[in-house]
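Here's the letter readout for the chains.
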Amino acid sequence: MSRGIRLLSVVAAVLSTLLVVRSASATHAWGCYHWPRSANPFSLTFGNNLTSNWSPYLTRAAYDWSLTSGACNNSQNPVRATVGPGGANSKNCRPATGHVEVCNGSYGNNGWLGIASIWVSGCHITKGSVKVNDYYFNMAQYSSAAWHSFVMDQETGHILGLDHQDTDFNNADLLDACGRGSCMDYSSDPTNNTTPNQHDYDELVIIYGHSDGAAAIAPGASASAAQNVDEDTDNESSWGRPVEFANGRPDVYERDLGGGNKLVTHVIWVQ
C-alpha cells in the first residue's frame, strides 16, 4: 500500500471515529434513580403551577416524553406523562409525596435557568419539582421558544431519571438516526434540541426495564417523614454538596435527609 493511500485510510478512520462519537448512545441514566412502579407503562402527572406563557411548553413536554410511535421513537417507551392542576405556590414549588410540581417565577440573578429536584429513598424517586427562572427567560438571549422548550423538556426529563447526553454548549449536536438533536444535550443554539430523541426513549426503556413490585410503590413511614422536611430549593446553598461537575462548575447536588433519603438537584446554568 502506498504512503498516500495509507494516509487517506488513517484520515478516513479518524473521521469515522469522530462521527461515531457525535452519534449518541443510550447511556445517560441519572444514577439509579427511577419512579417505582409494578408494571409498564406507568403514568406520571406534572402539576401545572405555571403562568400562561409557560403552560404550553409543559403540555408539549408531557406529550414529548410519552411518544411511542413514529420514526426514531421507541414503541416500548414506558412513560405516559400528563399535565394536571398544580398543588404548590411558585416560590417554593414544594411537592407532596408521589407528586411532581412545575413552577416558574423570577427567582433572581442567581445564575440558573432551570432546576430539577428529586426526593429519593434509595434509588426510588418519591416526588419531584421543576423550576424555571424568569429572571433570565425575560432577557432577549433566552426569550425564544427554542430556549423555553429546551429547558422545560430537559428538566422534566431529569424528573424521569435521565441525565444529560452531553454537557458541552459549543460542540456539535448529538443526533439520532432521524437527524434529531436532544433536549438532554447542551447547546448554545437549542433550535434542534427542543425535544427528546431516540436515545432518550431508548434510555427510558433501560431505566424502567424491571418491575419494583407492588410493595415498593409507596415509601415507608420513615422515608415519608424525612422527605416532608421543609426544604428550600431556591438557592445553591440549600442544595447540599456538589457531586457532579460540568463546564467548570457543579451541576448536580445532593442533600442528605437521613435514613437513606436524599434531595438531589440538577441545575442548568446560564452560559
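Per-chain numbering applies: the sequence of each chain, read as written, is numbered from 1 onward. Where local features are concerned, this predicted model is filtered to residues with pLDDT of at least 70; where side-chain atom pairs are given and counted, the filter is 80 or more; whole-chain, interface and lining totals use all residues. Hydrogens and water molecules were not included; the side-chain quantities draw on all heavy atoms of the structure.

Hey, could you run me through the overall build of the protein chain in this one?
The helix and strand inventory of the protein chain stands at six helices and eight strands. A run of H or I in DSSP counts as a helix once it spans at least four residues, and a run of E counts as a strand once it spans at least two, with each numbered from the N terminus. Tracing the protein chain from N to C terminus, the helices and strands come up as α-β-α-β-β-β-β-α-α-α-α-β-β-β. Taking all 271 residues of the protein chain together, the buried fraction comes to 50%. Any two residues whose heavy atoms approach within 4.5 Å are treated as being in contact. Pairs at least 24 apart in sequence give 69% of the contacts found in the protein chain among residues at least 6 apart. Using the Shrake-Rupley algorithm and a 1.4 Å probe, accessible areas are obtained, with residue cover drawn only from the displayed protein chains. For the protein chain, the exposed surface amounts to about 11600 Å²; the carbon and sulfur share of it is 55%. Using a 1.4 Å probe on the protein chains alone, a residue whose accessible area is under 20% of its type maximum counts as buried, one over 50% counts as exposed, and one in between counts as partly exposed.

What am I meant to see in the pattern of salt bridges here?
A side chain of one charge can pair with a side chain of the opposite charge when the charged atoms of the two come close. The term salt bridge refers to a pairing of a side-chain nitrogen on Lys or Arg with a carboxyl oxygen on Asp or Glu at a separation within 4 Å. For the coordinates displayed, the defined rule picks out five salt bridges. Close ionic contact of D212 with R37 constitutes a salt bridge, the shortest N to O distance being 2.8 Å. On the criterion of sequence distance, the pair formed by D212 in the loop between α5 (198-207) and α6 (221-227) and R37 in the loop between α1 (3-21) and β1 (42-49) is long-range, its members being 175 residues apart. Given the relative accessible area of 18%, D212 is considered buried. Put simply, R60 and D64 hold a salt bridge, and the shortest N to O gap is 2.6 Å. One end of the pair, R60, and the other, D64, are both in helix α2 (residues 55-64), four residues apart, so they sit about a helical turn from each other. Residue class for D64 comes out buried when judged on its relative accessible area of 1%. Connected via shared salt-bridge partners are R241, E254 and K262.

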